[in-house]
Amino acid sequence: MKISLAGLEHERGATRSFDFRKAAPKLFTSGGEEVKATAPLEVSGTITNTGSCFHVRGRISAKLELVCARCLERFSLEIEVPLAENYVKSHAQKAEEDWRTFYGDEIVLDEAVEEELNLNLPLRGLCGDNCQGLCPICGVNRNLEKCNCREERIDPRLAVLSQLMEQAPGGGGKDGST
Ligand SMILES: [Zn+2]
Ligand SMILES: [Zn+2]
C-alpha cells in the first residue's frame, strides 16, 4: 500500500485519493488470539499536503472470522476502522510526537493499517449478544441443543475435587493440598 507523492510534495493543499485491496496482515485480539481475515482488506481515503505534513484520512474495511468466547463457534464479523495519520519525511525537523515518518517519495501505509486494525479488534468476540454459551456440565452448545443438566453453579474443577474427596479413604484432603 504505497502512495506516491509525485505532484503532491511541493504543493501545499494538494490532495489525492487512494484505494487499495490487500491481503490482511496477521491480526490478534488483545487477548492474544489470532484472527483470520476472510477477504482482502480494503483501504481507501485521501492524502493531503498540509504544508507541514502529509495528512492521511480514510478507512479500513476488513472481513474477519472470530471464535466466540462463549460457545467457541466461529463467526464472521465485518469491521470498519477509521484511519487518520500524519506523515513527515524522516529528516523533518518539526515533527509532532505521534507523526509517522517516511523515506523517499512515497508513503507506505501498511504499518499504520496493521496497527489501527489490531487496536480496534474486539476484546473478545461473541457470536451474538444473547449467545447461550456451552453448558458447564456436559459441554453442549446451548444455542443448538438443550440439555437436562441442573443449573448448579459449580466450578468444574471443584466438582472433580469433591469427587476425589468422596473416594479418598477417611474423607481426607483436609490439609488443602491436591
Ligand atoms: Zn457464541
Ligand atoms: Zn448440560
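Residues numbered from 1 in each chain as written. Chains lettered and ligands numbered in written order. Predicted model: local features only at pLDDT ≥ 70, side-chain atom pairs only at ≥ 80, totals over all residues. Heavy atoms only, no water.

(A) Molecular detail of the coordination of the zinc ion (ligand 1). For the zinc ion (ligand 1), the full set of protein donor atoms is Cys 68 (SG), Cys 71 (SG), Cys 127 (SG) and Cys 131 (SG), and the range of their distances to it is 2.2 to 2.4 Å. Between the four donor atoms coordinating the zinc ion (ligand 1), the angles at the centre fall across 106 to 114 degrees, so the site counts as tetrahedral. Mapping the donors of the zinc ion (ligand 1) onto the primary sequence gives the spacing C-x2-C-x55-C-x3-C. (Donors = N, O, S within 2.8 Å, 3.2 Å for Na, K, Ca; no water. Tetrahedral: all angles 85-135°; square planar, octahedral: opposite > 155°, others 65-115°.)

(B) Main features of the pairing of strand S5 (residues 41-49). Relative to S5, strand S2 (residues 15-22) is paired through eight bridges, and the arrangement is antiparallel. Looking at the pairing, Thr 15 lines up with Thr 48 of S5. For S5 and strand S6 (residues 54-67), the ladder comprises eight bridges, and the chain directions are antiparallel. Residue pairing in the sheet places Ile 47 in a bridge with Val 56 of S6. (Pairing = 2+ DSSP bridges. Helix = DSSP H or I, 4+ residues; strand = E, 2+ residues; numbered from the N terminus.)

(C) Looking closely at the packing of aromatic side chains. Tallied over the entire structure, the rule returns two aromatic pairs. Geometrically, the ring pair formed by Phe 54 and Phe 102 is edge-to-face, given 5.8 Å between the ring centres and 75 degrees between the ring planes. Taken together, the residues span a long stretch of sequence, with Phe 54 in strand S6 and Phe 102 in strand S8 (residues 100-102) at a distance of 48 residues. In this pair, the class of Phe 54 matches that of Phe 102, namely buried. (Phe/Tyr/Trp six-rings, centres within 6.5 Å; stacked < 30°, edge-to-face > 60°. Buried < 20%, exposed > 50% of the residue type's maximum accessible area, 1.4 Å probe, protein only.)

(D) Highlighting the coordination of the zinc ion (ligand 2). For the zinc ion (ligand 2), the full set of protein donor atoms is Cys 135 (SG), Cys 138 (SG), Cys 147 (SG) and Cys 149 (SG), at a range of 2.3 Å. If you look at the zinc ion (ligand 2), its four donor atoms make angles of 108 to 113 degrees with each other, and the shape they trace is tetrahedral. Cys 135 gets classed as buried once you look at its relative accessible area, which sits at 5%.

(E) Highlighting the side chain of His 55. As for its position among the elements, His 55 is in strand S6. Polar contacts involving the side chain of His 55 include one to the side chain of Arg 57, which spans 3.4 Å. A polar contact is formed between the side chain of His 55 and the side chain of Asn 86, at a distance of 2.7 Å. For His 55, the residues in contact, after removing those within four places along its chain, are Thr 46, Ile 47, Thr 48, Thr 50, Glu 85 and Asn 86. (Polar contact = N/O pair within 3.5 Å; in protein donor to acceptor, adjacent residues only side chain to side chain. Contact = heavy atoms within 4.5 Å.)

(F) Highlighting the environment of Pro 136. Take Pro 136: it is sitting in the loop between helix H1 (110-119) and helix H2 (156-167). Taking the relative accessible area as the measure of exposure, Pro 136 reaches 46% and is therefore partly exposed.

(G) Spotlight on the nonpolar core. Formed by 33 residues in total, the largest nonpolar core has its most connected members in Val 43, Leu 109, Val 113 and Leu 117. If you list the elements that add at least two residues to this core, you get S2, S5, S6, strand S7 (74-89) and H1. At six residues, S6 tops the list of elements feeding residues into this core. Filtering out sequence-adjacent residues up to four positions away, Leu 109 remains in contact with Met 1, Ile 3, Phe 18, Phe 20, Val 43, Val 56 and Tyr 87. (Core = buried A, V, L, I, M, F, W, Y, C linked by side-chain atoms within 4.5 Å.)

(H) Quick peek at the confidence of the model for the protein. The predicted model of the protein averages 86 in pLDDT, with 85% of residues at 70 or higher. When mean pLDDT is taken per element in the protein, S5 scores highest with 97 and H2 scores lowest with 69. (pLDDT = per-residue confidence, 0-100.)

(I) Local environment of the side chain of Arg 100. Secondary-structure assignment places Arg 100 in strand S8. Of note is the side chain of Arg 100, whose polar atom sits 2.7 Å from the side chain of Glu 85.

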